[in-house]
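Coordinates in review
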Number of protein chains: 2
Amino acid sequence: MKQFSLSSSSTTSKGDDDSVLKLNLGLGNNSFGCHVGQSPRQRCPAPFLLKTYDLLEQGDDSTKIVSWNAEGTAFVVWSPAEFSELTLPKYFKHNNFSSFIRQLNTYGFKKISSKRWEFKHEKFQRGCRHKLGEITRKKCEPSVFPSYLKSSSEENATSSTEENNQQLLMEENKNLKKERLELQMQIDECKALEIKLLACLSQYMDTQQNKLRRLC
Amino acid sequence: MKQFSLSSSSTTSKGDDDSVLKLNLGLGNNSFGCHVGQSPRQRCPAPFLLKTYDLLEQGDDSTKIVSWNAEGTAFVVWSPAEFSELTLPKYFKHNNFSSFIRQLNTYGFKKISSKRWEFKHEKFQRGCRHKLGEITRKKCEPSVFPSYLKSSSEENATSSTEENNQQLLMEENKNLKKERLELQMQIDECKALEIKLLACLSQYMDTQQNKLRRLC
DNA sequence: GGGAATATTCCC
DNA sequence: GGGAATATTCCC
C-alpha cells in the first residue's frame, strides 16, 4: 500500500486536496498551488510594499491621514505632516516623508496628481495584496553596466584599456554569479514541484484502486 | 509557505521618537567640519564612527555596558544584552547587536579577544576623535579590484599581474558561462519532465474513468 | 525623480 | 566575516 501521509499532512501549502480535485476536472491545467509555467513571477513581496499595503488596510481613523482613492486604484496621503509623524514610524525606521517617496519611486510608483499626494502602481491596488510580489525594484539589470563604466570619457584617461577590460570582466563575472544563483533556485523549485506531482499521482492512483476494489 | 519578516519594524521601538529626532539633526553635522588638506586623508567621518565614538565618551553609568579598554586602544561591550536594548537604539535605527558588528566589520574593526566583545581599529582610539576621518569603509570602490584579485603585494600592478588577473577573470567567466548553459539545460529537462508527468497523469485518469464506467 | 553613499537586514 | 538585497539618507 502506498503512503498517503505525504500529501495529507498539513505541512505543505494549504489546499493540497483542492489541487487533487482540480486535477480530476481539468487535465491540462497546472494548478497545483504552485505554478509550472511562466505566470507573472511571484516572489516574496518586498517588506516596503507589504508595509505600505498593510498601512492602507488599517481601517482606523487614520483614513483621514492616508487611504486608497475612491476606486482603490491608487492611494492618497491626505496629510503628509501627520503621516510622517504618526504613520511612518509605526511601519518604518524613520519619519521622513521624502524617504517614503524615495522608496515609492524605487518601486516604480507614479505621482498622478499635482494637487494632492496620490501615488499609483499598476500592481498596487486595493484587494490585490497577492499582486505585490510582481512589483520589483527599478534597479539596473544584471546585464547592464554600472554608470561609472559608461561614458567614462576623459576622466579616466589614466586608466588603461586593460583596466577597463578588467572592470568589464569583473562586472560580467558578478552578474553571471547572480544569474547562476537564480537558475539554481529555479531548479530547486522545479524539483520540489516534481516531488509534489509524483506524490499527487501516487495518491490519485491509490484512491482509484480503492474505488475499483469497492465496486468489485 | 514563505515567511515575510515584518518583524521588528511593526513592533514600534518604544520611546524612540526622541532619538530619531536627535538622529535626524545629528546627521546634518556631517556636511560641516570636514577638514581639508591634512596629510592623511581627512574626510568627514562616517556617521557610524562618530556615533560609536560618542557613545563611548558618554561618561555616565553606561560604562558598565560598554567602554574603552584600560589603554584606550580598543573598546569592550561588557554587556551585549543591555548594549543592544539600551545603547544601540539611542544612537542607531535598530537594536541588533549583529547589525552593529556588521558595521564594525565594514569599517575594518577587528575582534581582538575570544573571551569578551573587544573591538579594535588602528584609527579608533580614546582621545583621537580627529582620526575617525581616516577610517574608510572596506567596500570595493569602482577603481579597486575585489579582494580575490588583489595580488596583495604591490599597489602598482605590473602589466604582468594585470594580464594574470585578466586571464583568471576570463577563465572564471568562461566557466560561469558553461555552468549557466548546464543549469539552463537542467531546467529545460525539468520542465519537459513536468509536461510528461502531467500527460501521464491525465492519461491514467482517463483510463480509470473508463474502467469505472464499465463497471457501473 | 533618481544616482549614489551609508545603514540595516538577511543569509552563507 | 562578509556578499548582497533592501532601506534610509543625501544630494543633484
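Numbering of residues starts from 1 in every chain and runs along the sequence as written. As they are written, the chains are lettered A onward and the ligands numbered 1 onward, keeping that order. Confidence filtering applies because this is a predicted model: local features only for residues at pLDDT of at least 70, side-chain atom pairs given and counted only at 80 or more, and all residues used for totals across whole chains, interfaces and linings. Working from all heavy atoms in the structure, the side-chain values ignore hydrogens and water.

**As for helix α3 (residues 47-57) of chain A**
Only protein chains enter the calculation, and the probe is 1.4 Å; a residue is then buried if its accessible area is under 20% of its type maximum, exposed if over 50%, and partly exposed in between. We count a stretch as a helix when DSSP gives it H or I for four or more residues in a row; a strand needs E for two or more, and each element gets its number in order from the N terminus. In terms of burial, α3 of chain A is a largely internal element, 9 of the 11 residues being buried. For α3 of chain A, the full list of buried residues reads Phe48, Leu49, Leu50, Lys51, Thr52, Tyr53, Asp54, Leu55 and Leu56 of chain A.

**Here's the deal with the pairing of strand β4 (residues 117-120) of chain A**
On a regular strand, each side chain points to the face opposite its neighbour's, so the side chains alternate between the two faces of the sheet. All names here are of chain A. For two strands to count as paired, DSSP must find a minimum of two bridges between them. Pairing of strand β2 (residues 75-77) with β4 involves 3 bridges; the strand directions are antiparallel. Residue pairing across strands places Phe75 opposite Phe119, the latter belonging to β4. Here strand β3 (residues 110-111) pairs with β4 via 2 bridges, running antiparallel. Looking across to β4, one finds that Lys111 is bridged to Phe119. Once β3 ends, the chain turns through 5 residues before running back antiparallel as β4.

**Digging into the pattern of salt bridges**
Residues and elements named next belong to chain A. Any carboxyl oxygen of Asp or Glu that lies within 4 Å of a side-chain nitrogen of Lys or Arg is treated as forming a salt bridge with it. The final tally for this structure, using the stated rule, is 6 salt bridges over all chains. We note a salt bridge from Arg116 to Glu118, for which the minimum N-O separation is 2.9 Å. Between Lys123 and Glu134 there is a salt bridge, and its shortest N-O distance comes to 3.2 Å. Taken together, the positions of Lys123 in the loop between β4 and α6 (161-215) and Glu134 in the loop between β4 and α6 put the pair 11 residues apart, joining distant regions of the chain.

**Brief notes about the UniProt feature "domain: HSF-type DNA-binding" (unreviewed entry) in chain A**
UniProt positions are given in the numbering used here, feature names are shortened, and annotations may be inferred rather than shown by experiment. Using the residue numbers shown here, the UniProt feature "domain: HSF-type DNA-binding" (unreviewed entry) corresponds to residues 88-112 of chain A. In the segment residues 88-112 of chain A, helix accounts for 56% and strand for 8%; the C-alpha atoms at its two ends are 21 Å apart.

**Some points on the sheet that holds β4 of chain A**
All names here are of chain A. With antiparallel pairing, 4 strands are arranged side by side in an open sheet as β1-β2-β4-β3. Since the sheet does not close on itself, it has two edges, and those belong to β1 (66-68) and β3, each with one partner. Along the sheet face, α3 touches β1 and β2 and points at about 90° away from the line of β1. Any two residues whose heavy atoms approach within 4.5 Å are treated as being in contact. The axes are straight lines fitted to the C-alpha atoms, using for helices just the contacting stretch, and the angles between their N-to-C directions are given from 0 to 180°.

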